[in-house]
Amino acid sequence: MIKISRQRKLFAIAVLSVALGVLIRWDNMPENTGGGGYLTVGVCDSGRLRTLLSGLEETSERPALSFNGHGTAYDAVSDRYFVTQNMENGVWDGVLTASAGELYWQEDACFGDCAGAIAEGHSFLLYGIDRKKGTWCTYDVVFTGMPVMTIETASGAGIGDEAQNAKVQVSDMKFTGKEYQSADCQAAVRGNSSRRFPKQSYKLELDRKMSLLGMRRDDDWILTALYDDDGLIHNKFAYDVWRAIASDNADPKDGGTTMEYVELFADNVYMGVYGLTERIDAKELSLEKNDVLYKCRGFALPDESIPEDFGLSIDYDIKYPKTVNRATWLPIKEYLDIFAADEIEDYDAARTLLNMENAIDYNIFVILTRACDNYTRKNTFFVAAYDRQTGRHVISKVPWDCNATWGDGLYKGNLDRKLYNAGWAYCAYVWSEDVKQMYRCRQDEIQELTLARWRQLREDILSKDRLYGMLDEDFAYLHASGAYDRNYVRWEEHGREHWQDAYIYEYVENRLDFLDAYFEAPYFDEEPLAEEEENDVSGGR
């Protein structure tokens, strides 16, 4: 008898196991016509499909589809299934299965052009065959290059004003991290004037902290609808530019928020492209004990006759700390007493109240973007950072809700329209309110600080090449993923007849050129009334 060593036995077992595994996997692979398969599903021509379907009965009851072991997004309106892909790979990736039976793709030349099929939103026909039941069905499958989020509410009737229990799932093959995540959550509509839009923004409170789309770990997320953001670009571009500016100053608490694109499905209805957004909170801004974070929603001024909060809680929310008393309102009251007055009475007191690096940067940001909905306190977070040396608070600002930027603004006062106006590249009245007041007191000093900082930022952070590169990257992603066109098909009543991607490039170029000269000798145009801000888009066409 030939003796086989233990090592050889183990080696033989390993080889046999691999061989059996290959045979088993091969045996379980769907049949095809020799044309290969995609997502482990075979491809059949029409002749082969007729043979496979012979003797079977068509059914409207489809077994559930899964991608990489998890449910796929489904839009009941178009009766289509959506599967996310990693566009950087340039190949079809993943495993598509059904809860019962076998799957077969109908032969389609578009399988040979992965990038083109995704960008065009091409619909592939998938057959499901259940031989045990003697039935067959079809699925229309669309591949997207953007992460997909699905929300299933307890009511099944969509997300409403009142928070309700829901389940959220995210399928993400773009960002580093987990490809699939799910959690129970509370979901509700958020926003003020935007609540009346047909495409609404939402707030999600997850049952645990998760890192989504490469962003920070958190259990509280915002889904920004971007309904009044033509081109889907103004908010995200503004946030990205502000973070780049803020990262270059010495203020550690003014970094701002992060937004990433996601395609949203709610209760089996496609909702379009959303901006998944991190909250601006104490964690985001690295706040410490004795710091205060305010969110401004309006224009209320201090009222000494209301001792608890000076009447400011009408338009200001305190986001940090959790425990609030009269003293918590004092820093923002002091700020408003100085900068909301007709003129500054004590320039030195005003200067020491502001973090001047942040103040100059925020003013440059507001002027550059022509942030017509952010320069007079509204849509701004105020950080009152406690200075241990002086025992006082110093104010910094962080922008929020930046849809009316980069040449877009109100159209005849209609809040649900933000239209491009080429002439706004030459606007000279939108300044941050506090710095404008200080400029009127000490023109030479503020002009010198602003010009020096502008020139520094223009060398890199605000160079035309860098800003164009950021726009190129976002637009390339939106279009190549197929999501840009899908969003505007879904919301055709708020479509693209007034928008071209070239508008924002034109604005950036003209605004940079204008401001290079403007900051040498600043001046103020007369500020128009809101009803007079009537757009003329002809300059951008």
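Fair warning: this is a prediction, and the values are worked out from it, not measured in the lab. (Residues numbered from 1 in each chain as written. Predicted model: local features only at pLDDT ≥ 70, side-chain atom pairs only at ≥ 80, totals over all residues. Heavy atoms only, no water.)

Participant: Give a description of the sheet that holds strand 20 (residues 316–320) that names residues and reports values.
Facilitator: Taken in spatial order, the 4 strands line up as 20-19-21-22 in an open sheet, and their pairing is antiparallel. The open sheet has two free edges, formed respectively by strand 20 and strand 22 (392–399), since each of these has just one partner strand. Shown here is a sheet whose adjacent strand axes are inclined to one another by a mean of 25°, direction ignored. Relative to strand 21 (residues 380–387), strand 19 (residues 292–296) is paired through 5 bridges, and the arrangement is antiparallel. Counterpart to leucine 293 in the pairing with strand 21 is valine 383. (Pairing = 2+ DSSP bridges. Helix = DSSP H or I, 4+ residues; strand = E, 2+ residues; numbered from the N terminus. Axes fitted to C-alpha atoms, helices over the stretch in contact; angles between N-to-C directions.)

Participant: How would you explain the packing of aromatic side chains if you had to name every residue and give the values?
Facilitator: Each pair of aromatic rings is reported with the distance of its centres and the angle of its planes. A complete count under the given rule lists 43 aromatic pairs for this structure. Look at tryptophan 105 and phenylalanine 143: their rings are 6.1 Å apart centre to centre, the planes differ by 50°, and that puts the pair in the tilted class. Residue tryptophan 105 is located in strand 9 (residues 102–106), and its partner phenylalanine 143 is located in strand 11 (residues 135–144); the two are separated by 38 residues in the primary sequence. A single burial state applies to tryptophan 105 and to phenylalanine 143, both of which are buried. Note on tyrosine 439 and phenylalanine 524: the rings are 5.6 Å apart at their centroids and 85° apart in plane angle, and the pair reads as edge-to-face. One end of the pair, tyrosine 439, is in helix 8 (residues 433–441); the other, phenylalanine 524, is in the segment after helix 12 (502–518), and 85 residues separate them in sequence. One aromatic cluster is present, formed by Tyr38, Trp92, Trp105, Phe111, Phe124 and Phe143 through successive ring pairs. The ring centre of tyrosine 477 lies 4.2 Å from the NZ or CZ of lysine 174, which sits over that ring. (Phe/Tyr/Trp six-rings, centres within 6.5 Å; stacked < 30°, edge-to-face > 60°. Buried < 20%, exposed > 50% of the residue type's maximum accessible area, 1.4 Å probe, protein only. Lys NZ or Arg CZ within 6 Å of the ring centre and 35° of its normal.)

Participant: Quick rundown of unusual backbone geometry? Include the residues and the values.
Facilitator: Residue proline 321 is bonded to the preceding tyrosine 320 through a cis peptide linkage, with omega at 5°. Mapping proline 321 onto the fold places it in the loop between strand 20 and helix 5 (326–339). Positive phi values are uncommon outside glycine, yet aspartate 401 reaches one of about 60°. As for its position among the elements, aspartate 401 is in the loop between strand 22 and strand 23 (408–411).

Participant: Explain empty space enclosed by the protein to me, and be specific about the residues and the numbers.
Facilitator: Under the counting rule described, the total for this entry stands at 2 cavities of 30 Å³ or more. By volume, the second largest cavity amounts to about 40 Å³. Along the walls of the second largest cavity sit Tyr335, Tyr362, Asn374, Tyr375, Arg377, Thr380, Phe382, Lys397, Ser432 and Glu433, which together make up its complete lining. Among the residues making up the lining of the second largest cavity, the classes are represented as 4 nonpolar, 3 polar and 3 charged. (1 Å grid on protein atoms, 1.4 Å probe; cavity = no way out; pocket = protein on both sides within 12 Å on 5 of 7 lines; lining within 4 Å. Points joined across faces, edges and corners; volume = space filled by probe spheres on them. Nonpolar A, V, L, I, M, F, W, Y, C, P; charged D, E, K, R; others polar.)

Everything listed here is a matter of coordinates, which is why it stays silent on function.
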